[in-house]
Amino acid sequence: MTKGRASRIVLGVTGSIAAYKAAEIARYFMKRGCVVRVVMSEAAEKFISPLTFESITQQPVLRTFWEETQPGAIGHIALADWADAVVVAPASADCIAKAAFGFAESPLLAVLLATKAPVIMAPAMNVNMYEHPQTQENISTLAARGVAFVEPDTGDLACGWKGRGRLAEASEIFFETKRSLGPKDLLGKRVVISTGPTREAIDPVRFISNRSSGKMGVALAKEAYRRGAQVIVVHGPLSMTPRLPRRVSKISVTSAAQMREAVLSQLSLSPDIVIMAAAVADYRPAAPVSEKIKKSTSPSSIELISNADILLEVGEKKGESPRPFLVGFAVETGTPEELVAEVTRKLIRKNADLMVGNLAQDSFDKDTNRVCVVCRSGEYESIETAKKSEVARRIFDAIVKKG
Ligand code: CTP
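Residues numbered from 1 in each chain as written. Predicted model: local features only at pLDDT ≥ 70, side-chain atom pairs only at ≥ 80, totals over all residues. Heavy atoms only, no water.

Trainee: Tell me about the site of the ligand, and name the residues and values.
Mentor: Looking at the ligand, there are 15 residues lining it, with Met276, Ala278, Leu311, Lys346 and Lys350 nearest. Ile310 places a main-chain nitrogen or oxygen 3.0 Å from a nitrogen atom of the ligand. Note that an oxygen atom of the ligand is positioned 3.0 Å from one of the side-chain N or O atoms of Arg349. Surface burial for the ligand is 80%, taken as the share of its 570 Å² of free accessible area covered by protein chains. (Near = heavy atom within 4 Å. Polar contact = N/O pair within 3.5 Å; in protein donor to acceptor, adjacent residues only side chain to side chain. Areas by Shrake-Rupley, 256 points an atom, 1.4 Å probe, with all protein chains shown as cover.)

Encoded structure:
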């Protein structure tokens, strides 16, 4: 998350029944390359032992003002300065209230006052406590000061009530932390990304599709979110439910015609960037039937007709306008040199601002990709084999530079 070294996360754990889930959150962050140090409130220790966190994080836990973690260092100030981000999960109503009013009676509250790092809070409490106007006012006060809140989930609560108050998933807390640490170069930008294959029905049980997994588009969506954008993903049928931040809007479609409709309707909302990463079927059966085709009546061939080219259509609508910044993808077979030439031809024909080319063997079914990024001037950049998340980062670097 932090360029060049592991991100340093201070995890604040407060006295909520959800405190036991903080162990899982610590592990989640560590698995993704972060160093985690925990500061616990006294009440949190009633729910989970500091030893659990010390064993998981391999770091001492800060519990009181009076213990020395390093000789000569003031524990809470050292921790506040060390942090790249302070994540309070679960954040109890009491902790939120005291933080809003600037109390410093515990090491965690003191860290929250002293740190210059971004603060992320994930509340967990009884629904009535959460919805109480005082709690909501405290949340607004902190949010206005830049604290990022990860809204609790709705469901059965440990106290017996049903409603909003369950601690958000570790992945959501992680996404929000990444966003707090990310560059803000897409802040407030509306980014539409299409991804995945489309399915063209032959009959109710058969279809024509392709091998696209949608992983590249999902990586692009996460990256755009990390950089502060408002993201809309239009996706075809994916083999796995993508783990995307819940604040990313997801529009699920099946056919090329539905994808076209979804993408074109997004155009009316004036997006800043449109990325067509979907592998849209070029053809569909001319006459899909509503009853299953039986072996005895199987046709020897299926007549196909062309689907509209969505990227071309968006490019035509855009004309000379700088917005939306239009990005296309092209999957080819052949040599890397042929790839650049073909991608450049497609960029001009479809009036895109940037075109990303990859070879089928480098991309399909993989978590890595190797691409070339071609821009209007004909300049291109080669991105050697890397994780799709890293390729997405480099693609957005190019978009931000050119856009
Ligand atoms: N695309 C689209 N609508 C289609 C087909 C493709 O929007 N019906 C978009 C893809 O999302 C991608 C780009 O066009 O961004 C390139 O798709 P590709 O299939 O490689 O291009 P084609 O023009 O279909 O060229 P060919 O199949 O001849 O290589």
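Trainee: I'd like a description of helix 11 (residues 310-318), backed by residues and values.
Mentor: Ile310, Leu311, Glu313, Val314, Gly315 and Lys318 are the residues of helix 11 that are buried. Its buried side turned inward, helix 11 meets helix 10 (256-267), strand 13 (273-276), strand 16 (325-332), helix 12 (336-350) and strand 17 (354-359). (Buried < 20%, exposed > 50% of the residue type's maximum accessible area, 1.4 Å probe, protein only. Helix = DSSP H or I, 4+ residues; strand = E, 2+ residues; numbered from the N terminus. Contact = heavy atoms within 4.5 Å.)

Trainee: Tell me what's going on with the nonpolar core, and back it up with residues and numbers.
Mentor: Among the nonpolar cores identified, the biggest contains 35 residues, and Leu220, Val231, Ile275, Ile395 and Ile399 are the most heavily contacted of them. With seven residues, the top contributor of residues to this core is helix 9 (residues 215-226). What Val231 contacts, discounting residues up to four positions off in sequence, is Val191, Ile193, Ala221, Ala224, Tyr225, Arg247, Val248 and Ser249. Membership of the second largest hydrophobic core comes to 32 residues, among which are Val13, Ala148, Val150 and Ala170. (Core = buried A, V, L, I, M, F, W, Y, C linked by side-chain atoms within 4.5 Å.)

Trainee: Requested: an account of the sheet that holds strand 3 (residues 85-91), with residues and values cited.
Mentor: With parallel pairing, the five strands of this open sheet are ordered in space as 2-1-3-4-5. Unpaired on one side and paired on the other, strand 2 (35-40) and strand 5 (148-149) mark the two borders of the sheet. Where strand 3 and strand 4 (residues 119-123) come together, four bridges link them in parallel fashion. Its bridge partner lying in strand 4, Ala91 is registered against Pro123. (Pairing = 2+ DSSP bridges.)

Trainee: Quick one: what's the story with the environment of Phe101, residue by residue and with numbers?
Mentor: Summarising the element assignment, Phe101 is placed in the loop between helix 4 (93-100) and helix 5 (107-114). Judged by its relative accessible area of 59%, Phe101 falls in the exposed class. For the pair Phe101 and Pro60, spaced 41 residues apart in the sequence, the C-alpha separation amounts to 28 Å. Once you skip the residues sitting within four places of it in the chain, Phe101 turns out to touch Gln134 and Asn138.

Trainee: So what's going on with the environment of Arg5? Residues and values would help.
Mentor: Considering the arrangement of structural elements, one finds Arg5 in the segment before strand 1 (8-13). Given the relative accessible area of 36%, Arg5 is considered partly exposed. Distance in space between the C-alpha atoms of Arg5 and Gly75 is 23 Å, their sequence separation being 70 residues.

Trainee: Please give an account of the pattern of salt bridges that cites residues and values.
Mentor: For the coordinates displayed, the defined rule picks out 28 salt bridges. Arg63 serves as the salt-bridge partner of Glu45, at 2.8 Å between the closest nitrogen and oxygen. Of this pair, Glu45 sits in the loop between strand 2 and helix 2 (50-57) while Arg63 sits in the loop between helix 2 and helix 3 (75-82), placing them 18 residues apart in sequence. Residue classification places Arg63 among the partly exposed positions, given a relative accessible area of 37%. For the salt bridge of Arg370 with Glu384, the shortest nitrogen-to-oxygen distance reads 3.9 Å. A residue pair is termed long-range when its members are at least 10 positions apart, and Arg370 in strand 18 (residues 368-375) and Glu384 in strand 19 (residues 380-387) qualify at 14 residues. Judged by its relative accessible area of 28%, Arg370 falls in the partly exposed class. (Salt bridge = Lys/Arg side-chain N within 4 Å of Asp/Glu carboxyl O.)

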